[in-house]
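Now for the letters of each chain:
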Amino acid sequence: MSQAANKAVLAAAEAENREFLVFSLGEEEYAIDILKVQEIRGYENVTRIANAPDFIKGVTNLRGVIVPIVDLRIKFHLENVEYGGQTVVIVVNVADRVVGIVVDGVSDVMTLTPEQIKPAPEFGVTLSSDFLSGLGSLDDRMLVLVDIDKLLTSEEMALVDSTSNS
Amino acid sequence: MDITDFFDTFFEEAEELLADMEQHLLELDVDDPDSEQLNAIFRAAHSIKGGAGTFGFSVLQKTTHIFENLLDHARKGELTLRSDLVDTFLEAKDIMREQLDAYRNEEEPNQEAYARICHVLQQIALEEIGQTLDAPAVPAVLQPQAEPSKSEAPAKDGTHLLVALLNVNDKDRTLLVEELEQLGDIQSHSGDEKRYEVILKGNVSADDIEAVMCFVIEPEQIAISTVAADTAEPTGATETEKVAPDVPVVTQAAVPMPAAEAAVGVTDGTSAAIPQSDNRGPAKGQEKPTKATPKKAASESSSIRVSVDKVDQIINLVGELIITQSMLDQTVSDLDDQSVSNSSLQNGMSLLQRNARDLQEAVMSIRMIPMEFVFSRFPRVVRDTAGKLGKEIELITEGKSTELDKSLVERITDPLTHLVRNSLDHGIEMPDEREALGKPRVGKLVLSARHQGGNILIEVRDDGGGIDRERLLEKARENGLNVSDAMSDEDVFQLIFAPGFSTAKEVTDVSGRGVGMDVVKRNIQGMGGRVEIQSTKGEGTNTRIVLPLTLAILDGMSIKVGGETFILPLSTVLESLQPAKGDMYAMAGDDVVIKVRDEYLPVIAIHEVLDVKNAITDPTKSIAVIVQGEGRRYAMLVDELIGQQQVVVKNLEDNYRKVPGVSAATILGDGSVALILDITGLHRLSRAKKEAGKIVKNPHLAHYKEAEPS
């Protein structure tokens, strides 16, 4: 391969660097594509919805828009689910919908190069690898990269009507 | 930008134009057509043709083209209108509408219908005015005149002079025409170097003209003659170019005729518009120009087209403003310090409140459109249906300006059409029958709309035979419905809305298949409304539709269960009461009923159905709200009634999904979300839960078993 071609590949790789919002669920660090994130806010005033799965905490008023709130900690079967001043809701935009996800905390925004993103191994019953876009390794940290689009529109999240979930 | 971006605009405009066209056609008096109306119909067809041509919708373009030509003859009075012709025009309009829809759906329009209507229209042209319209490129009106045409007598303000310039070169001619302009109004000028003709209007004598001209040319080169209606010479077809700007015809005429014979009989630009085929008497010919020419400047648009999304966004934002305002209001009223120092704050708050409410009202009115949009289609429906049935009907509409939310207007049309058809078919008798009964031959159908409280009341009234109570009951028994003679009229008439119910003696093309009335009722209920029937045998029937003004705002009753607030639509709430122990009865299974004035109503404990914790479980300590949904009544057990309030309806499905037992959500004064309950949904949910055995037997309800009547 010539040097010019090599440079082109590098440039392309540079362009494919992606930014992720890193959040924590218990001890683990997860990350989602920052472009999906609309805003980050506190957990408050959630109206319960009867007969919904337990990880759907209810709906809240986000400046006039009714937004469902999903607690990923319950969904991922974490222990010590507590709600306090530190509990954070990440409001994401997926599939033309606005959804809030409850996490333990938001740490930082990371840029990952394609080399740093490893394919996700087959594992887990609670979090199918279908919903992961990979694992990000950054020095000694490991980030679980969640494909939030796929996760939130999946049937098991029960967030969308099965009819509209094609 | 792609041209397809403009498609929607065209479709919208074309739709409006077609609607206008239909309205004008229906209003048209065939014996004495209003030229302004004929012009309007023509213009509509013309605009659609133009648009269709631009976007390459060739079938629509060709159809409108032929139609337009025919209309053009009609507006010039060459085509005598008859009501069967108007019917054909209406049909043509319908087919154009279908073609439009086909293009909108990116399909090819129906070729068969296209071919047929073209043929029909051509046929009319051939039979009525002896002319074929088969020249799409050149509208017939552009063909020059070939036979004598009677022109108008000189206008009062002067004589028309025909000045012919013979063998004058271009340069001199321009000069001369300018000179002539000084002398009077040039009506038209045309011709070539050999013979150029100028028609002059004004008080000028031939001598004056000659005197001016002879500075440039020889007297022999000028021929001046007076032109008046009676003296008009046969027209050769010189190219006539028209000056008067108000008639958009006769431009570069297509067929030049031998100039030698040329002698123009055209005195007035407008008469040039009469095509060669005109073979009517002079009297008619003279009227025509006056009828065809008046063309008012298009009235200035007093409205703007805004997408519904934008309006909805504004409505949402105003809703937010109202909520914020009530939050502030609450905070201010909670202030301990009610002293003078706060009075300006209090004043400001009440001002804000008033302004916010006014703003909300104003914004809501944007979505409101007058009922006229619905009613305007009924003259056609009535005309068609009455024609089919051989009945004579007079349609009267009242309250056309009553306003209704746009989404409701769109949904009310079909049920209303059904009711109108029903009235025409079953209600109003045949003319002979009516005469025998001592009624006028012409049946009366009244469509009315008016406000009543926070609702809108739409009525369909006829002066027909009314509903036969006995036959209805008989029919109900045949259908195996549970009825009794003691039923009130109101209840009996509601039987009409039972599925598969029809009392028509025979099924007609128009109605009577027994499908429909139940759909009508369902549709109206789906809009949050209800339908009632009043009828007197022999005198007529009145069907009343009561609808809320808007779907965006709901009159709600807020209730509390456990710590949670819910909203019940106020329209469903009948009454509330404190259940006494003796009124509750346990039924087989886990069902409990409550006796309210000799009626047993199923009890739905909201805390059970919606899994609310910390709610009052003892029914005698809670409140029973009697609600009605889809014609059935239930008793809902709640902890507390908070009060009535208007709420802004927010869709849950936008970001979440449909929730059983919940129709929508709203935002309360404190910014929190409250769910709006769906009565029938709750009942279904309660049944489903009981069947699944999810509801643990309520210990409090258990001991009502003892009270069960033996």
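Given the structure is predicted, the values throughout are model-derived calculations rather than measurements. Each chain has its residues counted from 1, following the order in which its sequence is written. Following the order in which they are written, the chains are lettered starting with A and the ligands numbered starting with 1. The predicted nature of this model means local features are confined to residues of pLDDT at least 70 and side-chain atom pairs, given and counted, to a pLDDT of 80 or more, with totals for whole chains, interfaces and linings taken over all residues.

*Asks:* Explain the overall build of chain B here, please?
*Replies:* Under the scheme used here, helices are H or I runs from DSSP no shorter than 4 residues and strands are E runs no shorter than 2 residues, and both carry numbers assigned from the N terminus. In terms of helices and strands, chain B carries 20 helices and 22 strands. Any residue surrounded by 20 or more other C-beta atoms within 10 Å of its C-beta is treated as buried, while 12 or fewer makes it exposed and the intermediate range makes it partly exposed; C-beta atoms here are placed from the backbone. A buried classification covers 36% of the 710 residues belonging to chain B. Counting only contacts in chain B whose residues sit at least 6 apart along the sequence, the fraction spanning at least 24 positions is 68%. Residue pairs qualify as contacts under a 7 Å threshold applied to their C-beta atoms, which are placed from the backbone.

*Asks:* Looking at this structure, I do not really get the overall build of chain A. What am I missing?
*Replies:* Along chain A, the regular secondary structure elements total three helices and 11 strands. For chain A, the succession of helices and strands along the chain, N to C, is α-β-β-β-β-β-α-β-β-β-β-β-β-α. Counting all 166 residues of chain A, 32% fall into the buried class. A fraction of 54% describes how many contacts in chain A between residues 6 or more apart in sequence connect residues 24 or more apart.

*Asks:* Would you mind going over the packing of helix 13 (residues 406-427) of chain B against helix 17 (residues 517-526) of chain B with me for this structure?
*Replies:* Two quantities define a packed helix pair, namely the angle between the axes and the distance from one axis to the other. Residues and elements named next belong to chain B. A fitted line through C-alpha atoms represents every axis, and for helices the fit uses only the stretch in contact; the resulting angles, taken between N-to-C directions, go from 0 to 180 degrees. Where helix 13 contacts helix 17, the two axes come as close as 9 Å, and the packing angle between them is 150°. By the criterion of interaxial angle, the relationship of helix 13 to helix 17 is roughly antiparallel. Of the two possible hands of crossing, helix 13 and helix 17 adopt the one that is left-handed. Mapping the contact onto sequence places Arg411, Asp414, Pro415, His418 and Leu419 in helix 13 and Val520, Asn523 and Ile524 in helix 17. An angle below 35 degrees is read as roughly parallel, one above 145 as roughly antiparallel, one from 65 to 115 as roughly perpendicular, and any other as oblique. In a left-handed crossing the near helix is turned counterclockwise from the far helix by less than a right angle, and in a right-handed crossing that turn is clockwise.

*Asks:* Looking at this model, I keep getting lost on the interface of chain B and chain A. Mind explaining?
*Replies:* By a widespread convention, an interface's size corresponds to the accessible area lost as its parts come together. Of the residues lining the interface, 22 residues belong to chain B; the matching set on chain A comes to 21 residues. Any residue outside Ala, Val, Leu, Ile, Met, Phe, Trp, Tyr, Cys, Pro, Asp, Glu, Lys and Arg is labelled polar, Gly included; the first ten of those are nonpolar and the last four are charged. For the side of chain B that touches chain A, the class distribution of residues is 10 nonpolar, five polar and seven charged.

*Asks:* Before we go on, may I ask you to explain the environment of B:Asp468 in this structure?
*Replies:* Residue and element names in this part refer to chain B. In this fold, aspartate 468 is placed in the loop between strand 9 (455-462) and helix 15 (469-478). The exposure class of aspartate 468 is partly exposed, given the 14 C-beta atoms found within 10 Å. Note: C-alpha distance between aspartate 468 and glycine 538 (70 residues apart in sequence) is 8.7 Å.

*Asks:* Can you help me understand the confidence of the model for chain B in this one?
*Replies:* Low pLDDT marks stretches whose predicted atomic positions should not be read closely. Residues and elements named next belong to chain B. The pLDDT value tells you how sure the predictor is about a given residue, anywhere from 0 up to 100. For chain B, mean pLDDT is 73; residues scoring 70 or higher make up 72% of the total. Predicted confidence for residues 229-299 stays below pLDDT 50, and this span has 155 contacts to residues more than four positions away or in other chains. A low-confidence stretch, residues 702-710 stays under pLDDT 50, and its non-local contacts, those more than four residues away or across chains, total 12 contacts. Prediction confidence for the complex, expressed as pTM and ipTM, is 0.52 and 0.82 respectively.

*Asks:* Looking at this model, I keep getting lost on the packing of helix 1 (residues 7-27) of chain B against helix 2 (residues 35-55) of chain B. Mind explaining?
*Replies:* Residues and elements named next belong to chain B. Remark: helix 1 packs on helix 2, axes separated minimally by 9 Å, with the N-to-C direction vectors making an angle of 155°. Regarding the angle of helix 1 to helix 2, the classification is roughly antiparallel. Note on packing geometry: the crossing formed by helix 1 with helix 2 is left-handed. Here helix 1 contributes Phe7, Phe10, Glu13, Ala14, Leu17, Asp20, Met21, His24, Leu25 and Glu27 to the contact with helix 2, which in turn contributes Gln37, Ala40, Ile41, Ala44, Ala45, Ser47, Ile48, Gly51 and Phe55.

*Asks:* Just checking my understanding: could you explain the sheet that holds strand 16 (residues 592-596) of chain B for this structure?
*Replies:* Sheet strands pair via backbone hydrogen bonds, and the direction of the pair is either parallel or antiparallel. Residue and element names in this part refer to chain B. Only when DSSP finds a minimum of two bridges between them are two strands counted as paired. An order of 14-18-19-17-16-15 is seen for the six strands of this open sheet, with the pairing classed as mixed. Only two strands of the sheet have a single neighbouring strand rather than two, namely strand 14 (573-577) and strand 15 (584-586). Ignoring which end each strand starts from, the neighbouring axes of this sheet average 35° apart. Here strand 14 pairs with strand 18 (residues 623-629) via four bridges, running antiparallel.

*Asks:* Where do I start with helix 12 (residues 378-389) of chain B in this structure?
*Replies:* Given 3.6 residues to a turn, an α-helix orients residues that are three or four positions apart in the same direction. All names here are of chain B. Compared with an ideal rise of 1.5 Å per residue, which puts 12 residues at 16 Å, helix 12 spans 16 Å between its outermost C-alpha atoms and is within 8% of the ideal. Three or more residues of helix 12 are buried, namely Val382, Thr385 and Ala386. Mapping the buried residues of helix 12 onto a view down its axis gives an arc of 100°, with all of them on the same face. The first or second residue beyond helix 12 is glycine 390, which carries a positive phi of 70°. Expected span of a helix, by definition, is 1.5 Å for each gap between consecutive residues, and there is one gap fewer than residues. As used here, the arc is the angular range of directions from the helix axis to the C-beta atoms.

*Asks:* Which parts of the structure should I look at to understand the nonpolar core?
*Replies:* The nonpolar side chains of a soluble globular protein tend to be buried, and buried together. Note on terminology: a nonpolar core is any set of buried Ala, Val, Leu, Ile, Met, Phe, Trp, Tyr and Cys residues joined through C-beta atoms within 7 Å. One finds A:Val70, B:Ile606 and B:Met636 to be the most contacted residues of the largest nonpolar core, which totals 94 residues. Each of domain 3 (308-363) and domain 5 (553-707) of chain B gives at least three residues to this core. With sequence-adjacent residues up to four places away left out, B:Met636 is seen in contact with B:Ile604, B:Ile606, B:Ala624, B:Val625 and B:Val627. Boundary definitions for the domains trace back to an automatic or database domain assignment.

*Asks:* Is there a simple way to think about the sheet that holds strand 1 (residues 18-25) of chain A in this case?
*Replies:* All names here are of chain A. Here six strands make up an open sheet; going across it, the order is 8-1-2-11-10-9 and the pairing mixed. Strand pairing shows two members of the sheet lacking a second neighbour, strand 8 (105-112) and strand 9 (117-118), which therefore form its edges. In this structure, strand 1 lies alongside strand 8, joined through six bridges in antiparallel fashion. For leucine 21, the partnering residue across the bridge sits in strand 8 and is valine 109.

*Asks:* Is there a simple way to explain the UniProt feature "modified residue: Phosphohistidine" (unreviewed entry) in chain B in this structure?
*Replies:* All names here are of chain B. Under the local residue numbering, the UniProt record ascribes the feature "modified residue: Phosphohistidine" (unreviewed entry) to His46. Turning to its location among the elements, histidine 46 is positioned in helix 2. For histidine 46, a count of 20 C-beta atoms within 10 Å gives the class buried. UniProt positions are given in the numbering used here, feature names are shortened, and annotations may be inferred rather than shown by experiment.

*Asks:* Quick question: what am I supposed to make of unusual backbone geometry here?
*Replies:* With glycine set apart, most residues show a phi of negative sign, and most peptide bonds adopt trans. Residue and element names in this part refer to chain B. Look at aspartate 598: it is not a glycine, yet its phi comes out positive at around 65°. For aspartate 598, the position within the fold is in the loop between strand 16 and strand 17 (599-605). The backbone of asparagine 614 shows a phi angle near 60°, a positive value even though the residue is not glycine. Following the sequence through the fold, asparagine 614 ends up in the loop between helix 18 (606-609) and strand 18. Overall, asparagine 614 belongs to the exposed group, with 11 C-beta atoms counted inside 10 Å.

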